[in-house]
Amino acid sequence: MHPTGQQMSFQNGLFNVQGPSTTMQLDPKETSSGGGGTQNGGGMSQAEFALFNSDRLQSDLEAMGNKIKEHEDNLKFLKSQKNKLDESILKLQVHMGKLHTSGTCTIENTNLQGEDINEQILRQVNSAAGVLSYVQSHHYSEALQLDMTNGVVGVVAKLGKVNDQNLSQALSDYLGTRSMLALVYKDYKSVKPLEKYDNQGNVDRSGAIHGLASSIGRTIEGQFDVICLENLRPYVGKRIAGDPQRRLDLPNPKLPNGEYPPGFLGYAVNLIQIDPAYLLCVTAYGYGLRETLFYSLFSQLQVYKTRVDMISALPCITDGAVSLDGGILRKTGIFTLGSRDVAAANVRFAKPSASQTTGNYSEAERQMNELRWTKEKTLEDIKRAQVLRDHALYNFGKKKEEFVRCLSQSSCPNEQMISPR
């Protein structure tokens, strides 16, 4: 019992004992000099202080234990979600394998709609792509076009397909008609016959591709782009293992808080479907169209569902973005505003034919991408939860050691009192 009128409190590791006319502070680390561990001056014994402190530590341990249980429960839930995702991915892989080998659904047997894109290019009557497409489709002046078609891969718009019409429009808007009509050649040696020049360096309008245009009553207006695959700087990173489309293994973007941006559909370079015949077109160093042509055109252009999603993802957009509802953000920070003019004459990527089985495969492929994205996000969540759990366990262990020392300090003096002399 404390003397009447005294009050006791614990602050900053010291007990404050206040009486009617005195105030004194006792450090519990001081050794006792009286029987039973009582300190001089009638203060509180070290055993009593240890018991008081042990109650506080026990309360802290209980709170920390509850927090550890929360982390453990969260980890258990996340791991169960990851296991479910693994099962779903495995089942979908089996399903896609059956679709892929069913005969009518394989990419090699897919009947791609080429007529629409050919008509779009042919309507560009005063373009280099329109001229070459015309003479090729009509077998016109084969001797004259031979030098200009040697080494040609095709027109950009014909080298890729896109399943979604809105995405096709978004990507064509981003590139512009001039890039969509660009001629793609394997090397610069094949490009040289396209144009001839006079002694003053002016374009000879009567020779090469301009002469070919004149022979069919056309004129190539303005400039046109020609892309040499051998001269492009290719993507040199990894590709997705086992993917017949040779898609690039690009990391999903992340916001500053570590979360994935909502509405992210993928990278434009990977959303392009390449015809099997063009998949075999590689440079001397073994790089295909996706690593060279489409990576050069799109780099890591991101695709989002809506403008709102795209704007909210600005912190993690490095090489521009487009949205299915017409939003365009270029990597230079230039926004394209206003309404999309769907009636405007332009050139878009063609869409694969919508056979039932092919549609099922495309839907399964979309689901697979979503499952893999969700799994990647879940794995990141598991890593964070493990770090939090491990940190909580470490703090719990340190607090437990402190608690055990307090119990030891409170029991030792009592043992000394009852031990035989």
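Since the model is a prediction, treat every value here as computed from it, not as a measurement.

The rules behind each value
- Residues numbered from 1 in each chain as written.
- Predicted model: local features only at pLDDT ≥ 70, side-chain atom pairs only at ≥ 80, totals over all residues.
- Heavy atoms only, no water.
- Helix = DSSP H or I, 4+ residues; strand = E, 2+ residues; numbered from the N terminus.
- Buried < 20%, exposed > 50% of the residue type's maximum accessible area, 1.4 Å probe, protein only.
- Contact = heavy atoms within 4.5 Å.
- Pairing = 2+ DSSP bridges.
- Axes fitted to C-alpha atoms, helices over the stretch in contact; angles between N-to-C directions.
- Phe/Tyr/Trp six-rings, centres within 6.5 Å; stacked < 30°, edge-to-face > 60°.
- Lys NZ or Arg CZ within 6 Å of the ring centre and 35° of its normal.
- Core = buried A, V, L, I, M, F, W, Y, C linked by side-chain atoms within 4.5 Å.
- Salt bridge = Lys/Arg side-chain N within 4 Å of Asp/Glu carboxyl O.

1. Describing the overall build of the chain
For the chain, the count of helices and strands is 13 helices and 11 strands. The 421 residues of the chain split such that 39% are buried. For the chain, the share of sequence-separated contacts (at least 6 apart) that also reach a separation of at least 24 residues comes to 67%.

2. Concerning the environment of D116
You can see D116 is positioned in helix 2 (residues 115-122). Classification of D116 by relative accessible area gives partly exposed; the value is 44%. Along the sequence, D116 and K351 sit 235 residues apart, while their C-alpha atoms lie 9.1 Å from each other.

3. Focus on the sheet that holds strand 6 (residues 226-228)
Taking strand neighbours across the sheet as the criterion, the 3 strands line up as 4-5-6 in an open arrangement whose pairing is mixed. For this open sheet the edge positions go to strand 4 (152-155) and strand 6, each flanked by a neighbour on one side alone. This sheet shows a mean twist of 20° between the axes of neighbouring strands, independent of strand direction. In terms of strand pairing, strand 5 (residues 183-185) meets strand 6 through 3 bridges, oriented parallel. When the sheet's bridge partners are listed, L183 is paired in strand 6 with V226.

4. Some details on the packing of aromatic side chains
Per the stated rule, a full pass over the model turns up 6 aromatic pairs. Linked through ring pairs, F264, Y267 and Y304 together constitute an aromatic cluster. Note that R218 overlies the ring of Y134, its terminal NZ or CZ placed 4.6 Å from the centroid.

5. Concerning helix 11 (residues 290-298)
Counted residue by residue, helix 11 has 8 buried out of 9 residues, so it is predominantly covered. Listed as buried for helix 11 are R290, E291, T292, L293, F294, Y295, L297 and F298. Where helix 11 is buried, its residues touch helix 5 (165-175), strand 5, strand 6 and helix 9 (268-271).

6. Observations concerning unusual backbone geometry
One non-glycine residue, R246, adopts positive backbone phi at about 55°. Relative to the helices and strands, R246 resides in the loop between strand 6 and strand 7 (264-267). A relative accessible area of 22% means that R246 is categorised as partly exposed. Despite not being glycine, S299 shows a phi value in the positive range, around 50°.

7. Quick word on the nonpolar core
The biggest cluster of nonpolar side chains holds 69 residues, and the ones touching the most others in it are L171, L293, F294, F298 and F349. Beyond its immediate sequence surroundings of up to four residues, F298 is in contact with L171, Y174, L175, A268, V269, I272, D319 and F349. With 6 residues, the next largest nonpolar core counts L85, I89, L92 and A364 among its residues.

8. Structural notes on the pattern of salt bridges
In total, this model carries 15 salt bridges according to the counting rule given. For R389, the salt bridge goes to E72, with nearest N and O atoms at 3.3 Å. One end of the pair, R389, is in helix 13 (residues 356-418); the other, E72, is in helix 1 (residues 46-100), and 317 residues separate them in sequence. In this structure E72 comes out as partly exposed when scored by relative accessible area, which is 33%. A salt bridge links E259 to K377, with the shortest nitrogen-to-oxygen separation between them at 3.4 Å. Here the residue E259 occupies a position in the loop between strand 6 and strand 7, and K377 occupies one in helix 13, the gap between them amounting to 118 residues. Of the residues examined, K377 reaches a relative accessible area of 23% and is grouped as partly exposed. Salt bridges here are not isolated pairs; linked through shared partners, they connect E259, K377, D381 and R384.

9. Describing the sheet that holds strand 8 (residues 302-304)
The sheet built from 5 strands is open, its strands ordered 7-8-9-10-11 with mixed pairing. Since the sheet does not close on itself, it has two edges, and those belong to strand 7 and strand 11 (335-336), each with one partner. With 2 bridges connecting them, strand 9 (residues 321-323) and strand 10 (residues 328-329) associate as antiparallel partners. Paired with V322 across the strands is I328, a residue of strand 10.

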